[in-house]
Amino acid sequence: SDVYKRQQNGQELLTETGDVYGDLAIEYLNAIDGVGREDLFYGYNGDDIPTPETERSYMIKWLELAKENGKKVLVIDYCTTKAFIDSSYAKNFGKGYISFATKKELDVIPEYPEKPYNVNDSDITNLMKAKNFLYLINPARFTNKEEYLNALRATRYDLLIIDLFFNEEILTKEDVSSLREKANGGKRLVIAYMSIGEAEDYRYYWQEDWKPGHPDFIAEENPEWKGNYKVKYWDKDWQKIIYGNDDSYLKKILDAGFDGVYLDIIDAFEYFENK
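What this report covers is the structure whose coordinates are included nearby. (Residues numbered from 1 in each chain as written. Predicted model: local features only at pLDDT ≥ 70, side-chain atom pairs only at ≥ 80, totals over all residues. Heavy atoms only, no water.)

### Focus on the environment of N118
Phase 1: Inspection of the secondary structure puts N118 in the loop between β4 (98-102) and β5 (134-136).
Phase 2: Along the primary structure N118 and A130 are separated by twelve residues, whereas in three dimensions their C-alpha atoms are 9.6 Å apart. (Helix = DSSP H or I, 4+ residues; strand = E, 2+ residues; numbered from the N terminus.)

As structure tokens, this is what we get:
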């Protein structure tokens, strides 16, 4: 099947200049199918905190640019109260975006709403057809892999964005294939999360002696996420870990049969710009 690629945040990459009115970054646009944006309406300064109007307006300009150029827009709002959840779904729908309301830990299948927003039993054969999605990349609350997979199978979302691993166990092609049917019938897409702007010390590639400055591409630890380290993403040794060879992270995702990849920390350039 087609491999769908979408990136989270860092929307400034959509133009050559990083200005919303700049020339489009055509090569980049051609390489992705959608964009993701966290905390558009809620969560910019914490769960259940409305995003400031100035920040939201700035984000929306970029999301509209993506939409105008045929890219699907996915929004993750961090909110847990019913009023904010309802507001998030309604506001995003009004903009023509698909969205998911959850808490920042990204470790649960929400109990509310009882059914996904815009639930349907249609076959979702490409990203543009998706009307809702689940974003769950931290499966630590589940006792074992089968419990985790069964919980995902029981959902009715059009699109699942999950990690390649259950804890440290890589999902198999059979595991991924078993998730492709919604509980109410109809096919769905299954996408793998991959961070490309930070190294994570719980990943298979991490070596015991790694620390900031060793290897050279490891920068400082992210103070908000323990165990995550900013990386010099332009470094060839880091890139070899991520893609371009049979031992790469991306190859493992493809071998597991995912429909695509959801790239995170593509806004790592902001960290290095401020250094």
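Let's pick the thread back up.
### Some details on the sheet that holds strand β11 (residues 218-221)
Strand pairing in a sheet relies on backbone hydrogen bonds. The paired strands run either parallel or antiparallel.
Phase 1: The strand order β10-β12-β11 describes an open sheet built from three strands, whose pairing is antiparallel. In this open sheet, the two edge strands, each paired with only one partner strand, are β10 (198-200) and β11. On average, each strand axis in the sheet is tilted by 40° relative to the strand beside it, whichever way the strands run.
Phase 2: Here β10 pairs with strand β12 (residues 228-231) via three bridges, running antiparallel. (Pairing = 2+ DSSP bridges. Axes fitted to C-alpha atoms, helices over the stretch in contact; angles between N-to-C directions.)

### Concerning the packing of aromatic side chains
Phase 1: Within the structure shown, the criterion is met by 24 aromatic pairs.
Phase 2: Here F217 and W238 contribute two aromatic rings whose centre-to-centre distance is 5.6 Å and whose plane-to-plane angle is 50°, an arrangement assigned as tilted. Of this pair, F217 sits in the loop between β10 and β11 while W238 sits in helix α6 (residues 236-242), and the two are 21 residues apart along the sequence. Across the pair, exposure class does not vary: F217 and W238 are buried alike.
Phase 3: Aromatic rings pair up to connect F165, Y204, Y205, W206, W210, F217, Y229, W238 and Y249 into one cluster.
Phase 4: Over the ring of Y204 we find K252; its NZ or CZ atom is 4.8 Å from the centre of that ring. (Phe/Tyr/Trp six-rings, centres within 6.5 Å; stacked < 30°, edge-to-face > 60°. Buried < 20%, exposed > 50% of the residue type's maximum accessible area, 1.4 Å probe, protein only. Lys NZ or Arg CZ within 6 Å of the ring centre and 35° of its normal.)

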